[in-house]
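Fold and contact review
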Amino acid sequence: MLSGIAAGIVSALLQSISYVCSAGFMLKYRSPLRLVIFSQLVMGAFCLPFVPFVFPRGLLNRLPEFAMWVGVWLVVFSIGQVAFFSALRTIESSRISSLLGLKILVLSAISVIILRTDLAALQWVAVLLSTAAAVGMNWSGGARFSPAGICWLFLALIFYSLTDMTETHLVTMPSEGNLVFNSFAIGCVCYAVLGIATLPFLLKFRWTNKQFLHAIPFAAAWYFSQVALFVCFGLLGTVFGNVIQASRGLISIALGMLLLHFGLGKFDAKISGAMWVRRAIASVLMALGIILYSLARWHA
C-alpha cells in the first residue's frame, strides 16, 4: 500500500508541475485547447517509437481484448475532454478545476452502485472529506452556473471517472512483469494512439515547430504523472488512487509559494489572503481524508 501511496504522490507532484509548465504556453498562445492538441502530439511522438519494444508480451494472446479496452479508453477520455472544454465556455477555469474534485464522489458512487463494491463507513467519511477539500481548495464563488454548464461538467466528471477506471483495468491486464514497466508500456500504447487520433486537428490548428517545442515541458510532466498514476491505480484501485491524487492541491500550494519566493508569480494565479486561509483549511481536510482512507484499507 505504501508503494501505491508514494506513486500517487509522485503523480500528484508531476501533475502540479505540469500545470506550472502549462502557464508558459498559455502566456504565449492563450488557448488551453491548443495546449492539449500540441501536448498530445508531443506525447504521441515520444511514445510511438517505444511501443514495439515495451509492449507486454503477455498481452499478445489477448490482443483483440486489449485493443478493445484501449479503444474504450480513447473514447471515454475524448468525450471527457470535449465535455470539459464545453463546460469551460460558461464556467471559469479556476472554478471548474476545483469542481473536478467531485470526481472522487462520482467514482465512489459508480463503484458502489454499478460495480457493487462495498465502501466502509470510514472510507465514505474519507471520500467526503477529500471531496470537500478538493472543491474548497480553489473555489472562488461567483455567478451561478448555466444549465448547459452544469450538464457539461456532469458529463466531464462521469467520463473522466470512466477514464480512470479503464486505466486501472488496462494496467492490471498484463499477468506478468513489473508494474512500473507495465505502466510505462500501457501509457506508451494509449498516448501513441491518442497522438495519432489528434493528427486531424492540425487541419484547424496550424502546425508550427515553436508550438510543438513550447508544449514539451507540460507534455513530459503530464505523461510521467500518468505513468505514476497507472502504478497507483494498479496498487490501490481507482477510488483510493483518486483520494491520494487529490493531494495535488496541497502540492500546488507549496509550488505557488516557491514561485512567489523566486519572483515567478506570473506562472501562478494571484491568491488573496482569504484564499490562503481557505486552502490551509482544505489542506487539513485533505490530510485527514487520506489518513482515514488509509486506516480503513489497513484494517479491511
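Residues numbered from 1 in each chain as written. Predicted model: local features only at pLDDT ≥ 70, side-chain atom pairs only at ≥ 80, totals over all residues. Heavy atoms only, no water.

Some details on the nonpolar core
Membership of the largest hydrophobic core comes to 38 residues, with the highest contact counts inside it found for F66, W73, L170, Y191 and Y223. When residues of this core are traced back to their parent elements, those giving at least two are α2 (32–47), α3 (51–54), α4 (63–87), α8 (147–172), α9 (179–198) and α10 (209–236). At 9 residues, the largest contribution of residues to this core is made by α9. In this structure, F84, I110, A156 and V231 belong to the second largest nonpolar core, which totals 37 residues. (Core = buried A, V, L, I, M, F, W, Y, C linked by side-chain atoms within 4.5 Å. Buried < 20%, exposed > 50% of the residue type's maximum accessible area, 1.4 Å probe, protein only. Helix = DSSP H or I, 4+ residues; strand = E, 2+ residues; numbered from the N terminus.)

What to know about the confidence of the model for the chain
Parts of the model with low pLDDT should not have their predicted coordinates read in detail. Chain-level statistics for the chain give a pLDDT mean of 83 and a share of 84% at 70 or above. Here residues 264–268 is modelled with pLDDT under 50, and outside its nearest four sequence neighbours on either side it reaches 11 contacts, counting other chains as well. (pLDDT = per-residue confidence, 0-100. Contact = heavy atoms within 4.5 Å.)

A few points about the environment of L129
Examined against the element boundaries, L129 turns out to sit in helix α7 (residues 121–136). The residues contacting L129, other than those within four sequence positions of it, are L285, L288, G289 and L292.

As for the packing of α4 against α9
In the contact formed by α4 and α9, the axes pass within 10 Å of each other and the chain directions differ by 55°. One way to sum up the angle between α4 and α9 is to call them oblique. Here α4 and α9 pass one another in a crossing that is right-handed. Contacts between α4 and α9 involve F66, V70, W73, L74 and F77 from the first element and I186, V189, C190, Y191, V193, L194 and A197 from the second. Per-class residue counts for the contact of α4 with α9 are 12 nonpolar, no polar and no charged. (Axes fitted to C-alpha atoms, helices over the stretch in contact; angles between N-to-C directions. Parallel < 35°, antiparallel > 145°, perpendicular 65-115°, else oblique. Left-handed = near helix turned anticlockwise from the far one by under 90°. Nonpolar A, V, L, I, M, F, W, Y, C, P; charged D, E, K, R; others polar.)

Remarks on the packing of aromatic side chains
Taken as a whole, this structure holds 16 aromatic pairs when the rule is applied. Between Y191 and Y223, the aromatic rings sit 5.8 Å apart at their centres with planes inclined by 90°, giving edge-to-face as the arrangement. Highlighted residues: Y191 in helix α9 and Y223 in helix α10, separated in sequence by 32 residues. Of the two residues, Y191 and Y223, both sit in the buried class. Feature note: the residues F46, F50, W73, F77, F184, Y191, Y223 and F224 constitute an aromatic cluster, connected by ring pairs. A cation sits over an aromatic face here: K28 above Y29, 5.9 Å from the ring centre. Here the basic side chain of K204 rests over the ring of F205, its NZ or CZ set 5.9 Å away from the ring centre. (Phe/Tyr/Trp six-rings, centres within 6.5 Å; stacked < 30°, edge-to-face > 60°. Lys NZ or Arg CZ within 6 Å of the ring centre and 35° of its normal.)

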